Amino acid sequence: MPTVVDTGAGGIPVVDMGAYEVQPPFVDCNNNGVADDLDILAGTSLDINVDGIPDECEFYDNGCSPIPDWSCPDNWDLGGTYPDNGVNTYSVILDGPAANVCLDVTVEVNTVLIDNGASLNMSGTGDCVGNLTLAQPGGLAVSNNASLLLGPGQSIGEPPSPSGAGMTISNGGTVVVNDSTITLTGDVVIESGGSYAPQPPPETNSASLTAGSVLIRNDPNGDAPPGELILAGTMSLNVLGDLTMDGSYAGEPCPPPLARSARSFHTPPRLHLFDGATANIVDTMSLLSSVELTHESAAPISIGGDFVNHCITPECVDFTAGAGIAINGSGPPQVFEAGSTDLGATGDVYLAAFAMPSVVVSSGANVEFVDLFDNDLLGQGPCTEAVYV
């Protein structure tokens, strides 16, 4: 079916029907959000050998097999060296199950794409003791059942002048962490079956993730499981901007617990906090449509902006075993959305939706409790919903 207006420009169409044409797959090896052919056409990427691939893109080719080390020159087509920014800069692609790479040296590259069952081992064991610096906003992408293992003492970060690098985990990609550090100033997006989770045993894990913003959501196409972010032990999440959970594409109400474990495309995006894990959100925390939030940590979720609760699946939001929310902003009033049907006074607050053990308003914070969204789907009226603590 034709989907794109034919402007007469661009690559060769798969189907040309005069007025419309179907576009070929979007290829973006340097992970900058622009199709590679457009980079070359605009001159933002060189293509000296005229192969249609930006020259900065470097594919792992497994030439040192069975040695998977990043530093082995024959694993790359670079004339006896390996990708590490200097005179030249590199966008690295690990593609396919044969690309099981051990980062045995500390390197700086523009971006890294781990795709189609490939893996990057930064476990901190054996030879895999290198750290990774990302020098461009595209940062890191882990997709299509690829994986990244980040072990004790290992780190992913940016140059001294922050690059705005982000991270996308999607389409079954997994990032497994253990006593490690990821520090990025760009956006982290976890979607379409992507997972950020602790390496077992989780209760002793102290991994930290810092990002400019965090978005956890379903697959926009509605045909893949949701994204999930799991924190346990003393793991920490530090969000320099907003944290958003968006289940707009879930398509159905939250399934019962046993069905949720299967992680179908109907299940909502997940954020789970256990043990003593911490989440510090500098700006706004938003729950949109169908989300699954389990807070069992002894530390409250700290919010410096608004608490925007537009969730319509309270059965999938559980604060009962955790420490609630701490409002830690200053300046203008922070908005806190009331989400439960007003049951009046009740001896068991946990009969109410979104009930919390506590809402702590820090010294200097100014909070306005509002009812602006119809969470219970019973019709929106003035002050028809409440906060139960």
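Residues numbered from 1 in each chain as written. Predicted model: local features only at pLDDT ≥ 70, side-chain atom pairs only at ≥ 80, totals over all residues. Heavy atoms only, no water.

## What to know about the packing of aromatic side chains
Here is step 1: Taken as a whole, this structure holds four aromatic pairs when the rule is applied.
Here is step 2: Aromatic pair Phe336 and Phe369: ring centres 5.1 Å apart, planes at 50 degrees, arrangement tilted. Here Phe336 is found in strand β32 (residues 334-337), whereas its partner Phe369 is found in strand β35 (residues 367-370), with 33 residues between them in sequence. (Phe/Tyr/Trp six-rings, centres within 6.5 Å; stacked < 30°, edge-to-face > 60°. Helix = DSSP H or I, 4+ residues; strand = E, 2+ residues; numbered from the N terminus.)

## Points about the state of the cysteines
Here, the word disulfide means a covalent bond between the sulfur atoms of two cysteines.
Here is step 1: According to the stated counting rule, one finds three disulfides in the structure shown.
Here is step 2: Between Cys29 and Cys57 runs a disulfide, and the two sulfur atoms are separated by 1.8 Å. Between Cys29 and Cys57 the sulfur-sulfur dihedral comes to about 85 degrees; the bridge is accordingly right-handed. Highlighted residues: Cys29 in the loop between β3 (20-22) and α1 (36-42) and Cys57 in strand β4 (residues 57-59), separated in sequence by 28 residues.
Here is step 3: Take Cys29: its relative accessible area is 5%, and that puts it in the buried class.
Here is step 4: Shown here is the disulfide that connects Cys102 with Cys128, its sulfur atoms set 2.2 Å apart. (Disulfide = S-S within 2.5 Å. Buried < 20%, exposed > 50% of the residue type's maximum accessible area, 1.4 Å probe, protein only.)

## A closer look at the pattern of salt bridges
Here is step 1: Within the structure shown, the criterion is met by three salt bridges.
Here is step 2: With a closest N to O distance of 3.2 Å, Glu292 and Arg270 form a salt bridge. Taken together, the positions of Glu292 in strand β27 (residues 292-295) and Arg270 in strand β24 (residues 270-273) put the pair 22 residues apart, joining distant regions of the chain.
Here is step 3: The class of Glu292 is buried, set by a relative accessible area of 5%.
Here is step 4: On the basis of relative accessible area, Arg270 is assigned to the buried category, the value being 9%. (Salt bridge = Lys/Arg side-chain N within 4 Å of Asp/Glu carboxyl O.)

## Considering the sheet that holds strand β6 (residues 100-102)
Here is step 1: Spatial ordering of the open sheet is given by β6-β9-β12-β15-β18-β21-β24-β27-β30, a layout of nine strands whose pairing is parallel. Single-partner strands in this sheet number two, and they are β6 and β30 (317-318).
Here is step 2: Here strand β21 (residues 228-231) pairs with β24 via four bridges, running parallel. Within the sheet, the bridge partner assigned to Leu231 lies in β24 and is Leu273. (Pairing = 2+ DSSP bridges.)

## Considering a nonpolar patch on the surface
Here is step 1: Residues Val34, Leu38 and Leu41 make up a contiguous nonpolar surface patch of about 290 Å² in total accessible area.
Here is step 2: Within the fold, Val34 resides in the loop between β3 and α1.
Here is step 3: Residue classification places Val34 among the partly exposed positions, given a relative accessible area of 31%. (Patch = residues over 30% accessible without salt bridge, like charges linked within 9 Å, V, L, I, M, F, W, Y side chains within 5 Å. Areas by Shrake-Rupley, 256 points an atom, 1.4 Å probe, with all protein chains shown as cover.)

## Here's the deal with the pairing of strand β8 (residues 111-115)
Here is step 1: Among the five residues in β8, five count as buried, and that is most of the element.
Here is step 2: Of the two faces of β8, the one holding Thr111, Leu113 and Asp115 and the one holding Val112 and Ile114 are both buried throughout.
Here is step 3: As paired strands, strand β5 (residues 91-95) and β8 are joined by five bridges and run parallel to one another. Residue pairing for β8: Ser91 is matched across the bridge by Thr111.
Here is step 4: Relative to strand β11 (residues 140-143), β8 runs parallel, the two sharing three bridges. Following the sheet pairing, Ile114 is matched in β11 by Val142.

## Quick word on the side chain of Ser170
Here is step 1: Tracing the sequence through the fold places Ser170 in strand β14 (residues 167-170).
Here is step 2: Not counting residues within four places of it along the chain, the set of residues in contact with Ser170 comprises Val142, Ser143, Asn144, Glu191, Ser192 and Gly194. (Contact = heavy atoms within 4.5 Å.)

## Side note on the sheet that holds strand β25 (residues 278-281)
Here is step 1: The 10 strands are arranged β7-β10-β13-β16-β19-β22-β25-β28-β31-β34 in an open sheet whose pairing can be described as parallel. Looking at the sheet topology across the chains shown, the edges are occupied by β7 (107-109) and β34 (359-361). Ignoring strand direction, the axes of neighbouring strands in this sheet form an average angle of 10 degrees.
Here is step 2: With four bridges connecting them, strand β19 (residues 208-211) and strand β22 (residues 236-239) associate as parallel partners. Note that in β22 the partner of Ala211 across the bridge is Val239. (Axes fitted to C-alpha atoms, helices over the stretch in contact; angles between N-to-C directions.)

## With respect to unusual backbone geometry
Here is step 1: A cis amide bond links Ser65 to the next residue, Pro66, at an omega of 10 degrees.
Here is step 2: Along the polypeptide, Pro66 turns up in the loop between β4 and β5.
Here is step 3: Cis geometry is found at the peptide bond from Pro200 to Pro201, where omega equals -5 degrees.
Here is step 4: Along the chain, Pro201 turns up in the loop between β18 (195-198) and β19.
Here is step 5: Positive phi, close to 55 degrees, is recorded for Asn31, a residue that is not glycine.
Here is step 6: Relative to the helices and strands, Asn31 resides in the loop between β3 and α1.
Here is step 7: The phi angle at Leu377 is positive, at roughly 60 degrees, despite the residue not being glycine.

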